[in-house]
Amino acid sequence: MTLTRRLALAATLAAPLAAAPALAQTQITVQHALPINSHTGAGAAAFKEAFERLTGGRYSVVAQRNDNEREMIESAQIGTIDCTFTSTGPVGNFVPEVRVFDVPFLFRDAAHARGVLDSEIGQQVLARFQARGLVGVIWTENGFRHLTNSRREVNAPADVRGLKVRTMENQVHMRAFRELGALPTPMAFSELVPALQQGTVDGQENPISVIVANNLNQVQRFMTLTNHVYSPAVMICNPATLQRLSTADRALFMEAARAAQQANRARVSADDANGVEELRRRGMTVVTQVDTAAFQSALAPAFAEWERTLDATLLRRIRDWRPS
């Protein structure tokens, strides 16, 4: 066989290999509500990195920002996206049992909140998502919420009276602010900054992480560390997405979700430690000493209502929880 024919034969045999497509990736779309440089973005980025690495690149995770949390949950429910990292504020409209976590002054501190969510209590609530066409994968967090506004310092419950305060679409949060004499105005987070700029609302309430990441100091002059509500967040997925995973890949998915949880909580802790000084540096007036007992006393009628309308036994289990 001549050299020319040998080369031609080798090229013919190699052609099918050269034309073979690269190993196909399965794409998973994950949405979150805040900038990538935030605690929510940190969780989404950690999930992406971990799941792609653990599966050897067989899965590609596309992380996207969407400021409308209710829309994200609905999209996960119908399957137009695979998963979302969302605060629990609007989740109670889909899974009513989640509302119990929104009761003010329920948690003593971050360790208490994280411990409850990771315990049997939190897992039992996640199990309730299935009946609503969703999968509650793992708890993340926003952290403890604080009040900001553009009108005055808030040192006591009476200072809240008359303030128009943006809240999430959450009946527990709205009830609390009505009891304090504020005018709660529910709206999507995507509408918040324009509403503050235009004076549609005077203030809002969010964890330090959210306030710093979204530069709310540019539209708010005062912040008070009320710590009035611990704000959980949760990774929610479309059931069909997880059903398509093999048992082994589902275990890797959960490992990646735990990586997201760890990154998210670490960022919240860091922002809580450094955020007050950062916001002061940006020009905000920050009130750090708050008479928590006065706020709790002012909310007494609302507490009585929540004991009737929510799961009183579960509330007691949460308040009494201690590390084992």
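In this report, we go over the structure that sits alongside the text. Keep in mind the model is a prediction, meaning the values are calculated, not measured.

Definitions and cut-offs
- Sequence order sets the numbering: in each chain, residues are counted from 1 along the sequence as written.
- Since the coordinates come from a predicted model, pLDDT governs what is reported: local features require at least 70, and pairs of side-chain atoms require 80 or more to be given and counted, while whole-chain, interface and lining totals use all residues.
- The basis for every side-chain value is the complete set of heavy atoms in the structure, and neither hydrogens nor water enter the calculation.
- In this scheme, a residue with accessible area under 20% of its type's maximum is buried, one over 50% is exposed, and one in between is partly exposed, where area comes from a 1.4 Å probe on protein chains only.
- Going along the chain from the N terminus, every DSSP run of H or I of four or more residues is numbered as a helix, and every run of E of two or more is numbered as a strand.
- When DSSP finds two or more bridges between two strands, those strands count as paired.
- Lines fitted to C-alpha atoms define the axes, with helix axes restricted to the stretch in contact, and inter-axis angles between N-to-C directions lie between 0 and 180 degrees.
- Orientation is classified from the angle alone, with under 35 degrees giving roughly parallel, over 145 giving roughly antiparallel, 65 to 115 giving roughly perpendicular, and any other angle giving oblique.
- Between two residues, a contact is recorded if the distance between any of their heavy atoms is within 4.5 Å.
- For Phe, Tyr and Trp, rings pair up if their centres lie within 6.5 Å, where Trp contributes its six-membered ring, and each pair is then called stacked (planes under 30 degrees apart), edge-to-face (over 60) or tilted (otherwise).
- Asp, Glu, Lys and Arg are counted as charged, while Ala, Val, Leu, Ile, Met, Phe, Trp, Tyr, Cys and Pro are counted as nonpolar; the rest, among them Gly, fall into the polar class.
- Just to be clear on terms, a salt bridge is a Lys or Arg side-chain nitrogen sitting within 4 Å of an Asp or Glu carboxyl oxygen.

Re the pairing of strand β3 (residues 83-87)
With five of five residues buried, β3 lies mostly within the body of the structure. Judged by which residues are buried, β3 turns out to be covered on both faces: Cys83, Phe85 and Ser87 on one side and Thr84 and Thr86 on the other are all buried. Pairing of strand β1 (residues 26-32) with β3, which is carried by three bridges, proceeds in the parallel orientation. The residue bridging glutamine 31 from the neighbouring strand is threonine 84, located in β3.

Some points on the packing of helix α4 (residues 110-118) against helix α5 (residues 120-127)
Between α4 and α5, whose axes approach to 4 Å, the crossing angle comes to 55°. Comparing their axes, α5 and α4 come out oblique. Of the residues in α5, those in contact with Val116, Leu117 and Asp118 of α4 are Glu120, Ile121, Gly122 and Gln123.

Some thoughts on the packing of aromatic side chains
Going through the model one piece at a time under the given rule, you end up with ten aromatic pairs. Taken together, a centroid distance of 5.3 Å and an interplanar angle of 65° make the contact between phenylalanine 144 and tyrosine 230 edge-to-face. With phenylalanine 144 in strand β4 (residues 135-149) and tyrosine 230 in strand β8 (residues 222-237), the pair connects residues that are 86 residues apart, well separated along the chain. For the pair phenylalanine 144 and tyrosine 230, one class covers both residues: buried. The interplanar angle of 75° and the centroid separation of 5.6 Å between the aromatic rings of phenylalanine 303 and tryptophan 306 together place this pair among those described as edge-to-face. One end of the pair is phenylalanine 303 and the other is tryptophan 306, both in helix α12 (residues 300-309) and three residues apart, which spans about a single turn.

As for unusual backbone geometry
The backbone of phenylalanine 105 shows a phi angle near 55°, a positive value even though the residue is not glycine. The topology assignment puts phenylalanine 105 in the loop between β3 and α4. Of note in the backbone geometry, asparagine 227 takes a positive phi value of approximately 50° without being a glycine. Structurally, asparagine 227 is set in strand β8. Residue class for asparagine 227 comes out partly exposed when judged on its relative accessible area of 33%.

Concerning the packing of helix α6 (residues 171-179) against α12
Packing of α6 against α12 brings their axes to within 9 Å, and their N-to-C directions diverge by 150°. Taken together, α6 and α12 sit at an angle that is classed as roughly antiparallel. Side by side, α6 and α12 meet where Val172, Arg175, Ala176 and Glu179 of the first sit next to Pro301, Ala302, Glu305 and Trp306 of the second. Broken down by class, the residue content of the contact of α6 with α12 amounts to five nonpolar, no polar and three charged.

Points about the pattern of salt bridges
The full count for this structure, using the stated rule, is 19 salt bridges. Across the salt bridge formed by arginine 151 and aspartate 202, the nearest N and O atoms sit 3.3 Å from each other. A residue pair is termed long-range when its members are at least 10 positions apart, and arginine 151 in the loop between β4 and β5 (164-167) and aspartate 202 in the loop between α7 (192-198) and β7 (203-207) qualify at 51 residues. By relative accessible area, arginine 151 is classed as partly exposed at 45%. Take aspartate 202: its relative accessible area is 8%, and that puts it in the buried class. In this structure, arginine 175 engages glutamate 305 in a salt bridge whose closest nitrogen and oxygen atoms are separated by 2.7 Å. Highlighted residues: arginine 175 in helix α6 and glutamate 305 in helix α12, separated in sequence by 130 residues. Owing to a relative accessible area of 15%, arginine 175 belongs among the buried residues under this scheme. Of the residues examined, glutamate 305 reaches a relative accessible area of 24% and is grouped as partly exposed. Here the salt bridges do not stand alone but share partners, grouping Arg70, Glu74 and Glu169 into one network.

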